[in-house]
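Observations on the model geometry
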Amino acid sequence: MKKKAITTLLSLAFILLALVGCSGAEESNSASDGEKTIEFMHLWPEGSSAKHNKIVSDIVADFESQNEGITVDVEVLSNEQYKDKIKVLATSDELPDVGLTWAAGYLKPYVEAGQFAPLDDLLEGELADSFVSGTTEPYAIDGSTYGLPLELNVANIFYNKAIFEEYGLEAPETYEDLKNVITTLKENEVAPIALGNKDSWTGSMWYMYFADRIGGSEALTKAISGDGSFEDPALVKAAEKVQELADMGAFIRGTNGISDQEAKSMFMNEQAAMYLIATWDLPNYTTNEQVPQEFRDSVGYFKFPTVNGNGDKDSFVGGPGVGMFVAENSDVKAEAKEFVSFFIKEWGEKSVKEAGVIPATKVDAESMELPQMYVNVLNDLNNASNLTLFADVQMNPDAAQVHLDQIQALFGGEVTPEQFAEAHEEALSKQE
Amino acid sequence: MNKVMSNKWMIAIYILPALLLVGILIFIPLILTAYYGLMDWNGIGAMEFIGLENYINAIQDKNFWDSALHSFLLAIFSTLSLAIYLAVSMILASKIKGADFLRKIYLIPMLLSSVAIAQLWIKVFNPTNGILNRILLFFGVEKPPIWLANPDIVLYAIFIPILWQYAGFYILIYYAALKNIPNSLIEAAKIDGASPIQIAYKIKLPLIMGVVKVTIVLAIVGSLKYFDLIYVMTGGGPNGASEVMASYMYKLAFSTNDFGYGSAIGFLLLIITLIVTVIIRRLTANDEEVQY
């Protein structure tokens, strides 16, 4: 009888244990004594983006000291993990009060689901006139802006001046020049262009530039929006040019299997002469102390060349980088907006000076001591005739995936330029 | 105690905690996945019920069948390589010099995380700086393959680290099983004049057949749901050439925001794996268990 009692007790204990394990974890969020907490998630871990991370911490500390009773709870994840987590959080309606987002196609599903708060009041009020023109538009959907950009990126071809000098080469002005440079480099067994096309948006930038130079600034954007077509001869021609370069061995061997990171390290170890990348890489060639001074001094950049006399060299491929959003159903929306506005104001100058980021807000370059390459890039931006947003960002995620896969196929020679165009048309026709 | 065990209520109470856990952690997510598969859902916004459309699309989706084929190829290669693992563990289990050391060496890949293994092999496969192509160049191969970029090769190139990764696991299992065989049986065979090959084939193998069957199921099921190394090394590329079912599911759900479709693929993956498991169990179940 006693035994039975014990076993009954034991089993009850088990059940209790199981039930306890399933409940709980609800109470932690009840702020009581007027204290408010803004949850903020960003994607610059201390390990891989030390300078960004420090700027964020500084701004957060400043904000907290100026706003009694508000604490900012920061969570940091690296890029890919961030993307995954934010999506899971959105699914369960638990977005952080403030977080980072990308523009256009990425932003759209969140906005349509009513997860992001419109930030027009900030844009028209406190932050009026502080953004470089063209940077907030990709964050707008149906006339409202749902994110405020922090960075502006334009792609240029960086090149190793030391290698160019060694073989008597000059920065190419035209596509013919570029091909000559490539031929000379190949003859001397130097890999001409570092490209990590495993990440495929890298290859997409080459295609986009050709499309821009051959078809003009509107052709690609129109094809994506459905007003034009990827079967436009200029866009097919752009795909041909990509294959022409790939066939002549312009890109490092096995580019489709190499990540952007690996390609970058080849360029930075002087194993390749050129590298097309956006300005987020500028610090590596100017201020980054971990990169040998000698190498930094030997890097220059040139604008993407004209093709057969066509194209405007002041037309760039690029776009705003990440932007900040405020969650629509945040408990502390007003404070969160205040934080965003504070953050963006502080970010502009700090980010150029300390992290070498080209910010999406206007900064007074003259008043700061900046490396020459920054000044040049900022000047380029002032004189830019057009900025074409990265293709995979313009498209909705379904079509973007097709685009990225097709870019790999194009570089690998698995599709003809015509098939490449056709696949895009098919994917875009499914887009509503 | 017997009295307690014959009480139906007591049995129910004993089972309940485990049943609850299994239900919450396994069956509810499973049912939810099947349910999401019926929706048009981007994972964020409102769901729209579309019936079996996702499942029908998946069955007509060439990319899905390509990735399924790749998964099956991996399953076949994993199963075939079991023979090599078995041979290795037979050698290790016999008294050879340094067997202990070798056994530890084979276990090393098991100690590394998949991501570390992937990074390691990315370096090995690098077309210009990788150790593999350096060796090939040294031996006079003019144009060594671009392992991870050539769509005809990439899948098989990726199988190598996967098989390498699991070698230690299977060798350990076989080794333990072989060590369990009573020495007297082998001694008796030796006295009767059996050669080492005959001993391996006629005595050792039948005696550990139960274990071999388990490893076959493990290898096949593991291959069908394989994901991590491929995701890190190629992300399924170039252009889907190394996509497997699980990575395709991930890509649909997380990269293209097609959560409903991704869930449908996930559920199909489960069904396919279940069917294959049942078939293998049927095929291998006819022998009776050996008794020592």
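Residues numbered from 1 in each chain as written. Chains lettered and ligands numbered in written order. Predicted model: local features only at pLDDT ≥ 70, side-chain atom pairs only at ≥ 80, totals over all residues. Heavy atoms only, no water.

1. Re the overall build of chain A
A tally of helices and strands in chain A yields 18 helices and 13 strands. Along the first, second and third principal axes, the C-alpha atoms of chain A reach 95 × 55 × 45 Å. A buried classification covers 55% of the 432 residues belonging to chain A. Partitioning the intrachain contacts of chain A with sequence separation of at least 6 by distance along the chain shows that 76% fall at a separation of at least 24. Element-wise, carbon and sulfur atoms account for 47% of the exposed surface of chain A, whose accessible area totals about 18,900 Å². Positive and negative side-chain charges of chain A, numbering 30 and 72 respectively, have mean locations separated by a distance of 5 Å. (Helix = DSSP H or I, 4+ residues; strand = E, 2+ residues; numbered from the N terminus. Buried < 20%, exposed > 50% of the residue type's maximum accessible area, 1.4 Å probe, protein only. Contact = heavy atoms within 4.5 Å. Areas by Shrake-Rupley, 256 points an atom, 1.4 Å probe, with all protein chains shown as cover. Lys, Arg positive; Asp, Glu negative; His and termini not counted. Charge placed at Lys NZ, Arg CZ, Asp CG, Glu CD.)

2. Observations concerning the interface of chain B and chain A
On the side of chain A, 33 residues touch chain B, which itself brings 40 residues to the contact. Both faces combined, the contact of chain B with chain A buries some 3,200 Å², and carbon together with sulfur accounts for 59% of it. Ranking the residues of chain B by area buried against chain A places B:Ile44, B:Asn239 and B:Thr256 at the top, with a combined share of 19%. At the boundary of chain B and chain A, one finds one salt bridge. For B:Lys251, the salt bridge is made with A:Asp405, and the minimal N-O distance between the two is 3.9 Å. Applying the counting rule to chain B against chain A returns ten residue pairs in polar contact (both at pLDDT 80 or more). Residue assignment for the side of chain B that touches chain A shows that the elements contributing at least two residues are helix H2 (8-36), helix H12 (228-233) and helix H13 (245-255) of chain B. Ranked by residues supplied to the side of chain B that touches chain A, first place goes to H2(B) with six residues. (Buried area = accessible area lost by both parts, 1.4 Å probe. Salt bridge = Lys/Arg side-chain N within 4 Å of Asp/Glu carboxyl O. Polar contact = N/O pair within 3.5 Å; in protein donor to acceptor, adjacent residues only side chain to side chain.)

3. With respect to the environment of A:His42
All names here are of chain A. Here histidine 42 is to be found in strand E1 (residues 36-42). On the accessibility criterion, histidine 42 (2% relative accessible area) is buried. Leaving out residues up to four positions away in the same chain, histidine 42 has contacts with Asn53, Val56, Val74, Glu75, Val76, Leu77, Tyr82 and Leu100. There is a polar contact of 3.1 Å between the side chain of histidine 42 and the backbone nitrogen of tryptophan 44.

4. Regarding a negative patch on the surface
Residues and elements named next belong to chain A. Taken together, the side chains of Glu231, Glu240, Glu418, Glu422 and Glu426 define an acidic patch exposed on the protein surface. Among the elements that line the negative patch, the one with the most residues is helix H18 (residues 417-429), at three residues. Tracing the sequence through the fold places glutamate 422 in helix H18. Its relative accessible area of 48% is what places glutamate 422 among the partly exposed residues. (Patch = residues over 30% accessible without salt bridge, like charges linked within 9 Å, V, L, I, M, F, W, Y side chains within 5 Å.)

5. Details of the pairing of strand E3 (residues 98-101) of chain A
All names here are of chain A. Of the two faces of E3, the one carrying Val98 and Leu100 and the one carrying Gly99 and Thr101 are both buried. Pairing of E3 with strand E12 (residues 323-326) involves four bridges; the strand directions are antiparallel. Bridge pairing in E12 places glycine 99 opposite phenylalanine 325. (Pairing = 2+ DSSP bridges.)

6. Brief notes about the UniProt feature "transmembrane region" (unreviewed entry) in chain B
Residue and element names in this part refer to chain B. With numbering matched to this structure, UniProt assigns "transmembrane region" (unreviewed entry) to residues 12-38, 72-93, 105-122, 153-177, 205-227 and 259-280. Split by type, residues 12-38 is 93% helix and 0% strand. Its first and last C-alpha atoms lie 34 Å apart. Between the end C-alpha atoms of residues 105-122 there is a gap of 21 Å, over a span that is 89% helix and 0% strand. (UniProt positions renumbered as here; feature names shortened; annotations may be inferred.)

7. Side note on helix H14 (residues 333-355) of chain A
When the terminal C-alpha atoms of H14(A) are compared, their 29 Å separation across 23 residues is substantially less than the 33 Å that a helix rising 1.5 Å per residue should span. Among the residues trailing H14(A), A:Gly356 stands out with phi positive, at a value near 70 degrees. (Expected span 1.5 Å × (residues − 1).)

8. Points about the packing of helix H6 (residues 114-125) of chain B against helix H8 (residues 154-179) of chain B
Residue and element names in this part refer to chain B. H8 packs onto H6 with a crossing angle of 135 degrees between their chain directions and a minimal axis gap of 11 Å. Considered as vectors, H6 and H8 are oriented oblique to each other. Here the hand of the crossing between H6 and H8 comes out right-handed. Touching Ser114, Ile117, Leu120, Trp121 and Phe125 of H6 are Ala157, Ile160, Pro161, Trp164 and Gln165, all from H8. (Axes fitted to C-alpha atoms, helices over the stretch in contact; angles between N-to-C directions. Parallel < 35°, antiparallel > 145°, perpendicular 65-115°, else oblique. Left-handed = near helix turned anticlockwise from the far one by under 90°.)

9. A word on the UniProt feature "domain: ABC transmembrane type-1" (unreviewed entry) in chain B
The UniProt record annotates "domain: ABC transmembrane type-1" (unreviewed entry) at residues 69-280 of chain B. Annotated as 75% helix and 0% strand, the span residues 69-280 of chain B places its first and last C-alpha atoms 18 Å apart.

10. Quick word on the environment of B:Ser67
All names here are of chain B. Mapped onto the secondary structure, serine 67 falls in helix H4 (residues 62-93). Look at serine 67 and you get buried, because its relative accessible area is 1%. Sequence-wise, serine 67 and methionine 249 are 182 residues apart; in three dimensions their C-alpha atoms are separated by 9.7 Å. The residues contacting serine 67, other than those within four sequence positions of it, are Glu243, Val244, Met245 and Tyr248.

11. Here's the deal with the confidence of the model for chain B
Residue and element names in this part refer to chain B. Scored by pLDDT, chain B has a mean of 89; 97% of the residues are at 70 or more. Here helix H1 (residues 2-6) stands out as the least confident element of chain B, with mean pLDDT 71; H4 is the most confident, with 94. Predicted as a complex, the structure gets a pTM of 0.83 and an ipTM equal to 0.82. (pLDDT = per-residue confidence, 0-100.)

12. Remarks on the packing of aromatic side chains
Residue and element names in this part refer to chain B. Applying the stated criterion across every chain yields a total of 49 aromatic pairs over all chains. Geometrically, the ring pair formed by phenylalanine 125 and tryptophan 147 is tilted, given 5.8 Å between the ring centres and 40 degrees between the ring planes. Remark: tryptophan 147 occurs in the loop between helix H7 (131-138) and H8 and phenylalanine 125 occurs in helix H6; sequence separation between them is 22 residues. Comparing phenylalanine 125 with tryptophan 147 shows no difference in burial state: the two are buried. Members of the aromatic cluster, each reached through a chain of ring pairs, are Tyr35, Tyr36, Trp41, Phe227, Tyr231, Tyr250, Phe254 and Phe259. (Phe/Tyr/Trp six-rings, centres within 6.5 Å; stacked < 30°, edge-to-face > 60°.)

13. What to know about the side chain of A:Gln401
Checked against the element boundaries, A:Gln401 lands in helix H17 (residues 397-411). Judged by relative accessible area, A:Gln401 falls into the buried class, the value being 14%. Beyond its immediate stretch of four places on either side in the chain, A:Gln401 contacts B:Lys251, B:Ser255 and B:Thr256.

14. Some thoughts on the pattern of salt bridges
Residues and elements named next belong to chain A. For the structure on display, the rule yields 21 salt bridges over all chains. The salt bridge involving glutamate 244 is made with lysine 241; its shortest N-O contact spans 3.9 Å. Of this pair, glutamate 244 and lysine 241 both sit in helix H10 (residues 233-247), three residues apart, roughly one helical turn. The salt bridge involving lysine 264 is made with aspartate 281; its shortest N-O contact spans 3.0 Å. You can see lysine 264 sitting in helix H11 (residues 260-268) and its partner aspartate 281 sitting in the loop between strand E9 (272-278) and helix H12 (282-285), a full 17 residues away along the chain.

15. Structural notes on the nonpolar core
All names here are of chain A. The biggest cluster of nonpolar side chains holds 89 residues, and the ones touching the most others in it are Trp206, Tyr207, Phe230 and Met274. For this core, the leading source of residues is helix H8 (residues 201-215), giving eight residues. Setting aside its immediate chain neighbours within four residues, tyrosine 207 contacts Leu220, Phe230, Leu235, Ala238, Ala239, Val242, His403, Ile407 and Phe420. Grouped together as the second largest cluster of nonpolar side chains are 57 residues, Val72, Ala117, Leu148 and Phe339 included. (Core = buried A, V, L, I, M, F, W, Y, C linked by side-chain atoms within 4.5 Å.)

16. Here we look at the pairing of strand E7 (residues 152-160) of chain A
Residue and element names in this part refer to chain A. For E7, a buried count of nine out of nine residues is recorded, marking the element as mostly surrounded by other parts of the structure. Burial along E7 is two-sided: the face carrying Leu152, Val154, Asn156, Phe158 and Asn160 and the face carrying Asn153, Ala155, Ile157 and Tyr159 are both buried. Note: E7 against strand E11 (residues 315-320), three bridges, orientation antiparallel. Residue pairing across strands places asparagine 153 opposite glycine 319, the latter belonging to E11.

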